[in-house]
Amino acid sequence: MFKTNEDIRDIFFGNISTLFKKKKDLYILTNDADVFAFKDIKKNKRFLDVGVCEQNLVNIAAGLASQKKKVIIFGFCNFLIHRAFEQIKINIASMNLPVNIVGIGPGFSFPYDGPTHHATQDISNINSLPEFEIINISEPNLANYVSKNILQNKSPTYIRIDKGIFPSQKFDNFGKGYNFFHKNKNNKKIIISSGYFSHKAFEIAKKHKSFDLLNIYKIKINTKFFLKDVKQYKEIIFYDENTYEGGITPIILKILLKAKKNFKVYYKLAPSKQIFLYSQSREDLLKKLKIDQKNFERFLKNLDS
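Rules of the game
Residues numbered from 1 in each chain as written. Predicted model: local features only at pLDDT ≥ 70, side-chain atom pairs only at ≥ 80, totals over all residues. Heavy atoms only, no water. Helix = DSSP H or I, 4+ residues; strand = E, 2+ residues; numbered from the N terminus. Rg over C-alpha atoms; globule rule 2.2 N^0.38 Å. Buried < 20%, exposed > 50% of the residue type's maximum accessible area, 1.4 Å probe, protein only. Contact = heavy atoms within 4.5 Å. Areas by Shrake-Rupley, 256 points an atom, 1.4 Å probe, with all protein chains shown as cover. Lys, Arg positive; Asp, Glu negative; His and termini not counted. Charge placed at Lys NZ, Arg CZ, Asp CG, Glu CD. Phe/Tyr/Trp six-rings, centres within 6.5 Å; stacked < 30°, edge-to-face > 60°. Lys NZ or Arg CZ within 6 Å of the ring centre and 35° of its normal. Pairing = 2+ DSSP bridges. Axes fitted to C-alpha atoms, helices over the stretch in contact; angles between N-to-C directions. Salt bridge = Lys/Arg side-chain N within 4 Å of Asp/Glu carboxyl O. Polar contact = N/O pair within 3.5 Å; in protein donor to acceptor, adjacent residues only side chain to side chain. 1 Å grid on protein atoms, 1.4 Å probe; cavity = no way out; pocket = protein on both sides within 12 Å on 5 of 7 lines; lining within 4 Å. Points joined across faces, edges and corners; volume = space filled by probe spheres on them. Nonpolar A, V, L, I, M, F, W, Y, C, P; charged D, E, K, R; others polar.

**Q** Can you tell me about the overall build of the protein chain, naming the residues and giving the values?
**A** Along its length, the protein chain carries 11 helices and 11 strands. In terms of C-alpha radius of gyration, the protein chain reaches 19 Å, essentially the compact-globule figure of 19 Å for 305 residues. With the C-alpha coordinates of the protein chain rotated into their principal frame, the extents come out at 60 × 40 × 35 Å. Split into buried and exposed, the 305 residues of the protein chain put 58% on the buried side. Residue pairs at least 24 apart in sequence account for 76% of intrachain contacts in the protein chain once pairs closer than 6 positions are excluded. Carbon and sulfur atoms make up 50% of the accessible area of the protein chain, which amounts to about 14,000 Å² in all. The positive charge centre, built from 50 side chains, and the negative charge centre, built from 29, are 6 Å apart in the protein chain.

The structure is reproduced here in structure tokens:
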């Protein structure tokens, strides 16, 4: 298992930097974003900072990809996905070009920048484009694996990567699109989460052992495996930093309908409204929204009582 005290962004972009130096047909484009790992490649002619004009950035990326170049875009989730959605839809998705869009700042990971940087609806936006794969990274093993294999992606891919140092978790089959952080064959209740919140839920699941925990890291999960793995449960709790409409919840619920089983379903999610909050701390902002770890633990205790 990959063990490190590095920020997962440094793992991810460090591997991308190594690939860039080896692959002379790889282009990296950004919208005036910056990462430490790219400091020694920024002056290369294949590294293009097009400035704050995301639509043009996507147009350039699509043009390069149409000429068989390998292309990685990176920048803040909201600015790339929402501001340039039409160009992503028509020029990348419709053409099924293997462009990798790497979004930094998922969820409330940049709380001090306010609502312009709160990415709680980008998953649903990109998920509306059937050509796209979506990967949500908040763990070093996954950051290492996805970045090292990024050029193997054959279709458009949106990769969300959180920031910070996170504990390693095992995943034995990347193609499944999910892994269990905690599992007991006798449990009847399961928490389904993704990204940053999966680590919050893991701390709780270790204490409240009657709850299993499943982390979704690919939005297009393997339905056959998933339905087999969840058939033992009677109650499902969604814990997500995104809104109901904007995150994993309706996507997974749609799959659960195929199980033809009456699950009891509960939710602890970001409010379904535009959130005009600023904070110096992600945890403080989550507390204000009542979706922090302590609030979720109280929520589970009520279910378990």
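From this point, things continue past the structure.
**Q** I'd like to hear about the packing of aromatic side chains, residue by residue, with values.
**A** Tallied over the entire structure, the rule returns 21 aromatic pairs. Summarising the aromatic geometry, the rings of Tyr-178 and Phe-226 are spaced 5.7 Å apart at their centres and angled 80° between planes, so their arrangement reads as edge-to-face. Linking Tyr-178 in strand S7 (residues 178–182) with Phe-226 in helix H8 (residues 223–230), this pair joins segments that are 48 residues apart in sequence. The two residues Tyr-178 and Phe-226 agree in class, both being buried. Aromatic pair Phe-296 and Phe-299: ring centres 6.2 Å apart, planes at 20°, arrangement stacked. You can see Phe-296 and its partner Phe-299 sitting in helix H11 (residues 293–304), 3 residues apart, about one turn around the helix. One cation-aromatic arrangement involves Arg-282 over Tyr-196; the distance from NZ or CZ to the ring centre is 3.5 Å.

**Q** For the sheet that holds strand S8 (residues 189–193), give the residues involved together with the corresponding values.
**A** With mixed pairing, the 5 strands of this open sheet are ordered in space as S7-S9-S8-S10-S11. Each of the sheet's edge strands pairs with one partner strand only, and the pair in question is S7 and strand S11 (264–270). Here the strands of the sheet are splayed against their neighbours by 25° on average, with no regard to which way each runs.

**Q** Kindly report on the pattern of salt bridges, identifying the contributing residues and their values.
**A** Following the criterion strictly, the structure yields 13 salt bridges and no others. For the salt bridge of Arg-160 with Asp-122, the shortest nitrogen-to-oxygen distance reads 2.8 Å. Here Arg-160, found in strand S6 (residues 157–161), pairs with Asp-122, found in helix H5 (residues 122–127); they are 38 residues apart in sequence, far enough to count as distant. By the burial criterion, Arg-160 is buried, and Asp-122 matches it.

**Q** So what's going on with helix H9 (residues 249–256)? Residues and values would help.
**A** Working note: α-helix, 3.6 residues per turn, so residues spaced by three or four point in the same direction. Buried residues dominate H9, accounting for 6 of its 8 residues. Looking at H9, one finds that the buried residues are Thr-249, Ile-251, Ile-252, Leu-253, Ile-255 and Leu-256. Each element contacted by the buried residues of H9 is listed here: H5, S8, strand S9 (211–216), H8, strand S10 (235–243) and S11.

**Q** Quick one: what's the story with the side chain of Asn-125, residue by residue and with numbers?
**A** Turning to its location among the elements, Asn-125 is positioned in helix H5. In this structure the side chain of Asn-125 is engaged in a polar contact, spanning 3.0 Å, whose partner is the side chain of His-82. The residues contacting Asn-125, other than those within four sequence positions of it, are Ile-81, His-82 and Phe-85.

**Q** How would you sum up empty space enclosed by the protein? Please name residues and give values.
**A** All chains considered together, the criterion is met by 2 cavities of 30 Å³ or more. As a volume, the largest cavity reaches approximately 90 Å³. Lining the largest cavity are 14 residues, and of these Asn-136, Arg-160, Gly-195, Tyr-196 and Glu-241 sit closest to its centre. Listing elements by their share of the lining of the largest cavity, those giving two or more residues are strand S5 (133–137), helix H7 (196–207) and S10. Broken down by element, the residue count for the lining of the largest cavity peaks at 3 residues, all from S10. When the residues that make up the lining of the largest cavity are grouped by side-chain class, the tally is 4 nonpolar, 6 polar and 4 charged. In this structure, the second largest cavity occupies an estimated 60 Å³ of space. What lines the second largest cavity is Asn-136, Ser-138, Glu-139, Leu-142, Phe-171, Asn-179, Phe-181, Gly-195, Asn-215 and Tyr-217. When grouped by side-chain class, the residues that make up the lining of the second largest cavity number 4 nonpolar, 5 polar and 1 charged.

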